[in-house]
Amino acid sequence: MSNDSKIKIGWFSFSCCEDSTVIMTEVMNDHWREWKKIFDFRHARVLKTKNVLDELDIAFVEGAAASEEQEKKIREIREKSKIFVAVGACAVQGLPAGQRNTFTEGQKKEIEFLLARFGALPKVLKLSEVVKVDAEIPGCPIDPNKFLEVVNKLVGEFQK
Ligand code: SF4
């Protein structure tokens, strides 16, 4: 299958511990032969150094949005993707990455200088607060079988 006819995939990480990335690579250990035939990984920094963000069929996005820069990038990914999948609890519900949202006023005051230094948003956002999300894979960390189930379902839709 030529790259043109493969499903174009992007994998992105924002504020989080990137555990879903680890799980994706573990799942890939078992499925790389079939994935190699059907997926064109356009953007996946864990897999390759040359990445492009152009037209994507499916974007898998883990992590929450903690800065304006991240928000902008998430919007760009959304614009360039047919299907946008939020992966993991940080992406789906903004936690635990957004723990500072639950801080007391006193604790928030204490971290103000850090927010200013890193250009952070006043509140950490789950992805659905930034863009339209088409599918969600909850869990902290995600369940590999659930991840595979969503991948297979989406592949089925693209291969109709
Ligand atoms: S949801 Fe949990 S495992 Fe996934 S990135 Fe966030 S903290 Fe890590």
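As shown above, the structure is provided for reference.
Notes on the structure follow. Because the structure is a prediction, the values reported are computed rather than measured.

Criteria and thresholds
- Per-chain numbering applies: the sequence of each chain, read as written, is numbered from 1 onward.
- In keeping with the model being predicted, local features are shown solely for residues with a pLDDT of at least 70 and side-chain atom pairs are shown and tallied solely at 80 or more, while totals for entire chains, interfaces and linings include all residues.
- Side-chain figures throughout are based on the complete set of non-hydrogen atoms in the structure, without hydrogens or water.
- For Phe, Tyr and Trp, where Trp contributes only its six-membered ring, two rings pair if their centres lie within 6.5 Å, and the inter-plane angle classes them as stacked under 30 degrees, edge-to-face over 60, or tilted in between.
- Secondary structure counts use DSSP, requiring at least four H or I residues in a row for a helix and at least two E residues in a row for a strand, with both numbered from the N terminus.
- When accessible area is computed with a 1.4 Å probe and restricted to protein chains, residues below 20% of their type maximum are described as buried, those above 50% as exposed, and intermediate ones as partly exposed.
- Each residue is tested against the molecule or strand, and it is near if at least one of its non-hydrogen atoms lies within 4 Å.
- Think of it as three bins: nonpolar holds Ala, Val, Leu, Ile, Met, Phe, Trp, Tyr, Cys and Pro, charged holds Asp, Glu, Lys and Arg, and polar takes everything else, Gly as well.
- Exposure above 30% relative accessible area and no salt bridge define the residues that can form patches, which grow by joining like charges within 9 Å and nonpolar side chains of Val, Leu, Ile, Met, Phe, Trp and Tyr within 5 Å.
- All accessible-area figures derive from a Shrake-Rupley calculation using a 1.4 Å probe, and residue coverage is judged against the displayed protein chains alone.
- Criterion for a salt bridge: a side-chain nitrogen of Lys or Arg within 4 Å of a carboxyl oxygen of Asp or Glu.
- Positive: Lys, Arg. Negative: Asp, Glu. His and the chain ends are not part of the count.
- Residues adjacent in sequence count toward polar contacts only when both atoms are side-chain atoms; beyond that, a polar contact is any pair of N or O atoms within 3.5 Å, and within protein one must be able to donate a hydrogen and the other to accept it.
- The contact definition used throughout considers only heavy atoms, calling two residues in contact when any of these lie within 4.5 Å.

### Observations regarding the packing of aromatic side chains
For the structure shown, the criterion picks out six aromatic pairs. Look at Trp 35 and Phe 147: their rings are 6.4 Å apart centre to centre, the planes differ by 80°, and that puts the pair in the edge-to-face class. Residue Trp 35 is located in helix H1 (residues 19-38), and its partner Phe 147 is located in helix H5 (residues 144-158); the two are separated by 112 residues in the primary sequence. Take Phe 147: its relative accessible area is 1%, and that puts it in the buried class.

### Some details on the site of the ligand
The ligand sits among Cys 16, Cys 17, Glu 18, Asp 19, Ala 89, Cys 90, Pro 96, Gly 139, Cys 140 and Pro 141. Its residues placed into classes, the shell around the ligand shows seven nonpolar, one polar and two charged.

### Concerning a nonpolar patch on the surface
Taken together, Phe 113, Leu 114 and Phe 118 make up a surface patch of nonpolar side chains, about 320 Å² in accessible area. With respect to the element layout, Phe 118 can be found in the loop between helix H4 (105-117) and strand S6 (120-125).

### Thoughts on the side chain of Arg 100
Considering the arrangement of structural elements, one finds Arg 100 in the loop between helix H3 (89-93) and H4. Here Arg 100 is buried and forms no salt bridge, its nearest opposite-charge partner Glu 71 lying at an N-O distance of 9.9 Å. In this structure the side chain of Arg 100 is engaged in a polar contact, spanning 3.5 Å, whose partner is the backbone oxygen of Ala 66. There is a polar contact of 3.1 Å between the side chain of Arg 100 and the backbone oxygen of Pro 122. Excluding anything up to four places from it in sequence, Arg 100 contacts Ala 66, Lys 108, Ile 111, Leu 115, Ala 120, Leu 121, Pro 122, Lys 123 and Val 124.

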